[in-house]
Amino acid sequence: MSSLLIASIIFALLVLLVGYAFVYQALEKRRQRRQRLLTALKHRQRNFKFMLSGFPDGFLTKDLTLIIYRALLDACEQLSRLEPNESAHMQDFTQYSAELEEIKHRPQAERTRLDKPEQAGEIRKLLQELYRFIALQAERGNLGQAQGQTYREQIKRLALQVSVDANAIQARQAQSAGKPRLAIHFYNLARKQITQEKGGQGYQKQLAQINGIIKKLEAQLAQEEPNGPTAASEGAAPEEEKEWKDFEQETDWKKKQLYD
């Protein structure tokens, strides 16, 4: 066999090896991208399923509820294409599609208020997660800027109301326990949170109710202890003011890529 033929065979083998390496590398990259996408979609699906069960019925506005359902349906649809043999994805898609259609035709009910102060922390976390998602969608152009801002304002108002509800619940519990000063303390916290929100616009009725209750409790204290300490000076409970003062200053949502 001539040296030229041997060289040609070796060259052909090298070309085949290089070609195989390129094909293998391309396939491996494709497999890794698919796996990353699957992981992200399954994480998104879990998140939005958790939101649907985590928010009390009637707590969210209709707009925000529809956003969660549409994001969940999008995740289910993509997962069913990536894993066509996994029937659960299409079952979820069918179920949530039916629920979405029902919600579209349901009138907006009066917002559900919290009945336990411990609900507040978990609901705030869910609202933060939803806020991040909407902000990211607006940044990528999947939502119009004006629409995205409207949704973010709705979430901010809900976050404020969660804090107000939590303090109002603790105030009522203090009243029931015969602790009027502690009740006044929590009502004052609720009032402060409301008045700091653009002067209390949109909360006039609730603010009037809180002011009326505080006056009654202060009058009750004045009758019971005319020379006793005032409610304002008692400091009966620590002031928990770790609230969302400005959602726009959230920086962490930009680092999350699980909604890609």
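Refer to the structure presented above.
In this text the structure is predicted, and so the values were computed from the model without any measurement. (Residues numbered from 1 in each chain as written. Predicted model: local features only at pLDDT ≥ 70, side-chain atom pairs only at ≥ 80, totals over all residues. Heavy atoms only, no water.)

Engineer: I would appreciate a short explanation of the overall build of the chain in the present structure.
Structural biologist: Within the chain one finds eight helices and zero strands. For the chain, the residues scored as buried account for 37% of the 260 residues in total. Across the chain, contacts joining residues at least 24 apart in sequence account for 77% of those joining residues at least 6 apart. Of the roughly 16000 Å² of accessible surface on the chain, a fraction of 54% belongs to carbon and sulfur atoms. (Helix = DSSP H or I, 4+ residues; strand = E, 2+ residues; numbered from the N terminus. Buried < 20%, exposed > 50% of the residue type's maximum accessible area, 1.4 Å probe, protein only. Contact = heavy atoms within 4.5 Å. Areas by Shrake-Rupley, 256 points an atom, 1.4 Å probe, with all protein chains shown as cover.)

Engineer: What's the story with helix α6 (residues 180-196) in this structure? I'm lost.
Structural biologist: Taking 1.5 Å of rise per residue, 17 residues should cover 24 Å, and α6 covers 24 Å from first to last C-alpha, within 8% of that figure. The buried count for α6 comes to twelve of 17 residues, which makes it a mostly enclosed element. Residues of α6 that are buried: Pro180, Arg181, Leu182, Ala183, Ile184, His185, Phe186, Tyr187, Leu189, Ala190, Gln193 and Ile194. (Expected span 1.5 Å × (residues − 1).)

Engineer: How do you make sense of the packing of helix α2 (residues 62-82) against helix α3 (residues 87-104) when you look at a structure like this?
Structural biologist: When two helices pack together, their arrangement is given by the angle between the helix axes and by the axis-to-axis distance. Two elements in contact, α2 and α3, have axes whose closest approach is 9 Å; the angle formed by their N-to-C orientations is 160°. Relative to α3, the element α2 lies roughly antiparallel. Once α2 is placed against α3, the crossing between them reads as left-handed. For the pair α2 and α3, the contacting residues are Lys62, Thr65, Leu66, Tyr69, Arg70, Leu72, Leu73, Cys76, Glu77, Leu79 and Ser80 in the first and His89, Met90, Asp92, Phe93, Tyr96, Ser97, Glu99, Leu100, Ile103 and Lys104 in the second. (Axes fitted to C-alpha atoms, helices over the stretch in contact; angles between N-to-C directions. Parallel < 35°, antiparallel > 145°, perpendicular 65-115°, else oblique. Left-handed = near helix turned anticlockwise from the far one by under 90°.)

Engineer: Would you mind showing me how to read the packing of helix α5 (residues 145-176) against helix α7 (residues 204-224) here?
Structural biologist: Two elements in contact, α5 and α7, have axes separated by 13 Å at closest approach and are oriented at 25°. Overall, the two elements α5 and α7 adopt an arrangement that is roughly parallel. Crossing geometry of α5 relative to α7 is assigned as left-handed. Counted together, Gln161, Val164, Asp165 and Gln175 of α5 and Gln206, Ile213 and Leu217 of α7 form the full contact between these two elements. Residues belonging to the contact of α5 with α7 are distributed by class as follows: three nonpolar, three polar and one charged. (Nonpolar A, V, L, I, M, F, W, Y, C, P; charged D, E, K, R; others polar.)

Engineer: Where do I start with the nonpolar core in this structure?
Structural biologist: As a rule of thumb, nonpolar side chains are buried together in soluble globular proteins. Within the largest apolar cluster, 35 residues are counted, with the highest numbers of intra-cluster contacts made by Phe55, Phe59, Leu60, Leu64, Leu127, Leu130 and Ile134. Elements with a minimum of two residues in this core: α1 (3-54), α2, α3, α4 (119-139) and α5. Of all hydrophobic cores here, the second largest spans 18 residues; its members include Ala171, Leu182, Ile194 and Tyr203. (Core = buried A, V, L, I, M, F, W, Y, C linked by side-chain atoms within 4.5 Å.)

Engineer: Help me understand the environment of leucine 64, please; the structure alone is not making it clear to me.
Structural biologist: One can find leucine 64 in helix α2. Leucine 64 sits in the buried class, given a relative accessible area of 0%. Separated by 91 residues in sequence, leucine 64 and isoleucine 155 place their C-alpha atoms 8.3 Å apart.

Engineer: Sorry, what's going on with a positive patch on the surface here?
Structural biologist: There is a patch of like positive charges on the surface, built from Lys29, Arg30, Arg33 and Arg36. Along the chain, lysine 29 turns up in helix α1. (Patch = residues over 30% accessible without salt bridge, like charges linked within 9 Å, V, L, I, M, F, W, Y side chains within 5 Å. Salt bridge = Lys/Arg side-chain N within 4 Å of Asp/Glu carboxyl O. Lys, Arg positive; Asp, Glu negative; His and termini not counted. Charge placed at Lys NZ, Arg CZ, Asp CG, Glu CD.)

Engineer: Hey, could you run me through the packing of aromatic side chains in this one?
Structural biologist: The geometry of an aromatic ring pair comes down to the distance between the two centres and the angle between the two planes. Tallied over the full model, the rule gives three aromatic pairs. Considering the side-chain rings of phenylalanine 48 and phenylalanine 133, the 5.0 Å spacing of their centres and the 75° angle between planes classify their relative orientation as edge-to-face. With phenylalanine 48 in helix α1 and phenylalanine 133 in helix α4, this residue pair connects regions lying 85 residues apart in the sequence. Given the relative accessible area of 0%, phenylalanine 48 is considered buried. With centroids separated by 6.2 Å and ring planes inclined at 65°, the aromatic side chains of tyrosine 69 and tyrosine 96 adopt a geometry described as edge-to-face. Of this pair, tyrosine 69 sits in helix α2 while tyrosine 96 sits in helix α3, and the two are 27 residues apart along the sequence. Neither residue differs from the other here; tyrosine 69 and tyrosine 96 are each classed as buried. (Phe/Tyr/Trp six-rings, centres within 6.5 Å; stacked < 30°, edge-to-face > 60°.)

Engineer: How should the pattern of salt bridges be read in this particular structure?
Structural biologist: Side chains that carry opposite charge are capable of pairing whenever their charged atoms lie near each other. In total, this model carries eight salt bridges according to the counting rule given. One salt bridge in this structure joins glutamate 101 and lysine 104, with 3.2 Å as the shortest N-O distance. Here the residue glutamate 101 and the residue lysine 104 both occupy positions in helix α3, the gap between them amounting to three residues, near one helical turn. Overall, glutamate 101 belongs to the partly exposed group, its relative accessible area being 39%. The closest approach of N and O atoms between lysine 156 and glutamate 153, which form a salt bridge, is 3.7 Å. Placement of the pair is lysine 156 and glutamate 153 together in helix α5, with a separation of three residues, close to one helical turn.

Note that every value here comes from positions in space, so none of it alone points to a role or purpose.
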